[in-house]
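# Coordinate analysis (summary)
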Amino acid sequence: MSSVLRPRRRKGAERPVGTPLPLWLPAGGALALILLPVLGLFARVDPARLPALLTSPAALSALRLSLRTAVLATGVSVLLGGPLAVVLARSRIPGKRLLRGAVLLPLVLPPVVGGLALLYLLGRTGPVGAVLEQWFGLTVPYTTTAVVLAQTFVAMPFLVVSLEGALRAAGTEHERMAATLGAGPWLTFRRVTLPMVLPALVSGLVLTFARALGEFGATITFAGSLRGTTRTLPLAVYTEAQADVDAAVAMSLLLVAIALLVIVVARPRAVG
Amino acid sequence: MEAGPSTGEGLSAEVRLRRPGFELDVTCAVRPGEVLAVLGPNGAGKSTLLGTLTGSVLPEHGRVALDGRVWLDTRRGVDLPTHRRRVGLLAQRPTLFPHLSVLENVAFGPRAGGDRARRARAIAREWLDRLDVAELAGRAPARLSGGQAQRVALARALAADPEVLLLDEPLSALDVDTAPAMRGLLHRVLGAQRTPCVLVTHDVLDAVVLADRVLVLDGGGVVERGETGRVLARPRTSFTARIAGLNLVRGTAVAEGVEVDGVTVRGGTAEPVEPGEPAAAVFAPSAVAVHRAAPEGSPRNVVEVRLLGLEPRGDTVRLRAETEAGDEAVPLTAEVTPAAVAELALKPGDRVFFAVKATEVAVHPLSVG
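Residues numbered from 1 in each chain as written. Chains lettered and ligands numbered in written order. Predicted model: local features only at pLDDT ≥ 70, side-chain atom pairs only at ≥ 80, totals over all residues. Heavy atoms only, no water.

### A few points about the sheet that holds strand β19 (residues 316-323) of chain B
Backbone-to-backbone hydrogen bonds join strands into a sheet, with any given pair of strands oriented parallel or antiparallel. All names here are of chain B. Spatial ordering of the open sheet is given by β17-β21-β18-β19-β20, a layout of five strands whose pairing is antiparallel. With one partner strand each, in any of the chains shown, β17 (289-291) and β20 (331-336) form the two edges of the open sheet. On average, each strand axis in the sheet is inclined to that of its neighbour by 45°, with strand direction left out of account. Looking at chain direction, β17 and strand β21 (residues 351-357) are connected through three bridges and run antiparallel. What sits directly across from valine 290, in β21, is phenylalanine 354. (Pairing = 2+ DSSP bridges. Helix = DSSP H or I, 4+ residues; strand = E, 2+ residues; numbered from the N terminus. Axes fitted to C-alpha atoms, helices over the stretch in contact; angles between N-to-C directions.)

Next comes the structure, spelled out in structure tokens:
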């Protein structure tokens, strides 16, 4: 029996380090916990109804909104979070460790709390929201903009953390060398720093996009669930689950498909 | 003896810096085309001195000027950033940009200097060709050997047309088989350079082959400085003697070795050297055998010397001696066992024969300033 479990090795290849037997059972349990529910989704779906469910106006509108907002949130994350990562990795500013910790806040905070915080900051009576409303006539909560903001709040740390880690790992040796070759800071950034961390930037982008796409808690608190405006796919799944389970499952499969695509295409490295 | 930093031609530097447990106080001047070797043990302040020149270290007191243009003057608050200083740096590790091809790496400097891509590549090709690595142009840095990468790094530094060349232990990361080839290449390249050059090294051989003058740093201060041959042949401080350590016979390269005053010291060539060029025969004191009568037999170099002194060091005795024949006395040292000293009844003033096998002698080209 044991020969079945043992992977065939090429002669001369190095033996793997032994894995203690007691670890195999919980490891299998962990895999089951991840895979079985997803497989269960596929079992639950009615293949005959699937095409109709996937192309229903509600599903299509949610998909369009989700893709649009997640792309925007990823864009905002790059434009703001990218520079933040560079500053945290390269500059000498006081309290940098504290700032680095603050960036992790949205990662550990329940998204609902984030949504609530955004609501009280940018709501009509909030300190910033009141100003926006009075001076510019702008209302942020319960708009598509609110969705993008909520997604950015939750997803941007993924980009900052992975990019900052890559910058610190790359070190400054090449940048110093570029300076001796006559390259100023901006040229060095464009031609040395950025290309060297490009793989990390791409994987950070993918993670950020995936996180933004799946955002639920902060969105529903700060932006509500208005069809066509703020009801993204996860929110649509939640709403439909109470009326038409099959429709909810169909939309869930859509999210699973996108997630698989992300993993296969971009293979994001673990954040950390 | 050179003077302190001047405002004349070449590079002049004056650095004073104090850190907990470390102090550096150095002045030096390097003329155009001259190579100054900065020798010293780890922690002597060599890297800090170099960092002050590149601009990566800001000393408390310092002044660096090139051809009268001031790069750094702490009293007047002048501190040019690295990219405005035009220093060419060859470090211990090649530090090639991993995402650029060899050609693009070398073209980086010219492009940063404002050349268009085409022109920059043409300059890069020229330098790769000059350093015999033209065939590597299309390669990625990850696919180069250590010696190849260091050659490319040298090409990259030179292609940027630096006004000062800084070599920071350029051979210490190479293995024993590739270091001599690189040392030979540097000898060739530095001989043709017209910029001031500072070479930081802990290997006396690098100074012998590459430098016109040496500056010996110890504990953050200059303990000795002057023309390479003189400092290494007649060290005035015991510290320099310790780092010099090797016997160094300067002369002219011939097919079998080095000719000095009509006498040929036979040895094997370490770096390529053309007959007729200045060269040095280098051998360790421990390779020298001492005889009362002239020995015969296997191919060896024998010379009569007068003993100047005997210095016990641990379980060996170091014999300081000088040749008697020829126009100029050549200082030599031998390291023998106390038993040999007793057996031969050696004492200062004695005339004895030093013998060293040709296989123990390495012939190196010498820098000509």
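Next comes the rest of the description.
### Overview of a nonpolar patch on the surface
Residues and elements named next belong to chain A. A grouping of Leu31, Ile34, Leu35, Leu36, Val38, Leu39 and Phe42 is seen on the molecular surface, where their side chains present a nonpolar patch of about 680 Å² in accessible area. Relative to the helices and strands, leucine 35 resides in helix α2 (residues 24-44). When its relative accessible area of 46% is taken as the criterion, leucine 35 is described as partly exposed. (Patch = residues over 30% accessible without salt bridge, like charges linked within 9 Å, V, L, I, M, F, W, Y side chains within 5 Å. Areas by Shrake-Rupley, 256 points an atom, 1.4 Å probe, with all protein chains shown as cover. Salt bridge = Lys/Arg side-chain N within 4 Å of Asp/Glu carboxyl O. Buried < 20%, exposed > 50% of the residue type's maximum accessible area, 1.4 Å probe, protein only.)

### Focus on the interface of chain B and chain A
The interface is formed by 22 residues belonging to chain B together with 17 residues belonging to chain A. Summed over both partners, the interface of chain B with chain A comes to about 1800 Å²; 67% of that surface belongs to carbon and sulfur atoms. Our count for the contact surface shared by chain B and chain A stands at one salt bridge. Note that Arg93(B) is salt-bridged to Glu173(A), the shortest N-O span being 3.0 Å. Applying the counting rule to chain B against chain A returns three residue pairs in polar contact (both at pLDDT 80 or more). Counting only elements with at least two residues in the side of chain B that touches chain A, the list comes to β7 (87-90), α2 (102-112) and α4 (146-159) of chain B. If one sorts the elements of the side of chain B that touches chain A by residue count, α2(B) sits on top with five residues. Its residues assigned to classes, the side of chain B that touches chain A shows twelve nonpolar, six polar and four charged. (Contact = heavy atoms within 4.5 Å. Buried area = accessible area lost by both parts, 1.4 Å probe. Polar contact = N/O pair within 3.5 Å; in protein donor to acceptor, adjacent residues only side chain to side chain. Nonpolar A, V, L, I, M, F, W, Y, C, P; charged D, E, K, R; others polar.)

### As for the packing of helix α6 (residues 111-122) of chain A against helix α7 (residues 127-136) of chain A
Residues and elements named next belong to chain A. Running from amino to carboxyl end, α6 crosses α7 at an angle of 45°, the nearest separation of the two axes being 4 Å. Accordingly, the angle class assigned to the pair α6 and α7 is oblique. Facing α6, whose interface residues are Tyr120, Leu121 and Leu122, α7 presents Pro127, Val128, Gly129 and Leu132. Tallied by class, residues from the contact of α6 with α7 come to six nonpolar, one polar and no charged. (Parallel < 35°, antiparallel > 145°, perpendicular 65-115°, else oblique.)

### Re the pattern of salt bridges
Under the defined criterion, the tally for this structure stands at 29 salt bridges over all chains. For Arg49(A), the salt bridge identified is with Asp246(A), shortest N-O distance 3.1 Å. On the criterion of sequence distance, the pair formed by Arg49(A) in the loop between α2 and α3 (50-54) and Asp246(A) in helix α13 (residues 245-266) is long-range, its members being 197 residues apart. Residue Arg49(A) is classed as partly exposed on the basis of its relative accessible area of 34%. The residue Arg31(B) makes a salt bridge to Glu34(B) at a minimum N-O spacing of 2.9 Å. Residue class for Glu34(B) comes out buried when judged on its relative accessible area of 7%. Each of Arg44(A), Arg49(A), Asp244(A) and Asp246(A) takes part in salt bridges that share partners, so that together they form one network.

### Thoughts on the side chain of Lys46(B)
All names here are of chain B. Along the chain, lysine 46 falls in helix α1 (residues 46-54). What makes lysine 46 buried here is its relative accessible area of 5%. Residue contacts for lysine 46: discarding those within four places in its chain leaves Val38, Leu39, Gly40, Pro41, Glu169, Val200, Thr201, His202 and Leu217.

### Examining the pairing of strand β10 (residues 213-218) of chain B
Residue and element names in this part refer to chain B. With five of its six residues buried, β10 lies for the most part within the structure. Here four bridges tie strand β3 (residues 35-39) to β10, and the two strands are oriented parallel to one another. Looking across to β10, one finds that valine 38 is bridged to leucine 215. Looking at chain direction, β10 and strand β11 (residues 221-227) are connected through six bridges and run antiparallel. Paired with valine 216 across the bridge in β11 is glutamate 224. Hairpin remark: β10 followed by β11, antiparallel, with two residues in the connecting loop; positive phi at glycine 219, about 55°.

### A short note on the domain arrangement of chain B
All names here are of chain B. The domain architecture assigned to chain B consists of domain 1 (11-244) and domain 2 (247-365). Distance between the C-alpha centres of domain 1 and domain 2: 33 Å. Counting from both sides, the interface comprises twelve residues of domain 1 and, opposite them, twelve residues of domain 2. Summed over both sides, the interface between domain 1 and domain 2 buries roughly 1000 Å², with carbon and sulfur atoms accounting for 62% of that surface. There are one salt bridge connecting domain 1 and domain 2. A salt bridge links glutamate 227 to arginine 250; the shortest N-O distance between them is 3.4 Å. Counting every contact that joins domain 1 to domain 2 gives one residue pair in polar contact (both at pLDDT 80 or more). At the level of elements, α5 (179-192), α6 (204-210) and α7 (228-233) are the ones that each hand at least two residues to the side of domain 1 that touches domain 2. Counting residues per element, the side of domain 1 that touches domain 2 draws most heavily on α5, which supplies four residues. Here the side of domain 1 that touches domain 2 is composed, by residue class, of six nonpolar, three polar and three charged. (Domains from an automatic or database assignment.)

### As for the nonpolar core
All names here are of chain B. In terms of nonpolar packing, the biggest core is built from 54 residues, with Leu128 and Leu154 touching the most fellow members. Sort the elements by how many residues they give to this core and α4 lands first, with seven residues. Split by domain, the residues of this core number at least three in each of domain 1 (11-244) and domain 2 (247-365). Ignoring sequence-local partners within four residues, the contact set of leucine 128 consists of Val102, Leu103, Val106, Val133, Ala134, Ala137, Val152 and Ala155. (Core = buried A, V, L, I, M, F, W, Y, C linked by side-chain atoms within 4.5 Å.)

### Looking at unusual backbone geometry
Residue and element names in this part refer to chain B. Positive phi outside glycine occurs at arginine 86, with the angle close to 55°. Structurally, arginine 86 is set in the loop between β6 (78-79) and β7. Backbone geometry places aspartate 161, a non-glycine residue, at a positive phi of 55°. Mapped onto the fold, aspartate 161 is located in the loop between α4 and β8 (164-168).

### Some details on α5(B)
Taking 1.5 Å of rise per residue, 14 residues should cover 20 Å, and α5(B) covers 20 Å from first to last C-alpha, within 8% of that figure. Of all the 14 residues making up α5(B), ten are buried; the element is thus mostly covered by neighbouring parts of the structure. (Expected span 1.5 Å × (residues − 1).)

### Section: the state of the cysteines
Residue and element names in this part refer to chain B. For the structure shown, the criterion picks out zero disulfides over all chains. Free of any disulfide, cysteine 28 has its nearest neighbouring cysteine sulfur in cysteine 197, separated by 12 Å. Classification of cysteine 28 as buried rests on a relative accessible area of 2%. (Disulfide = S-S within 2.5 Å.)

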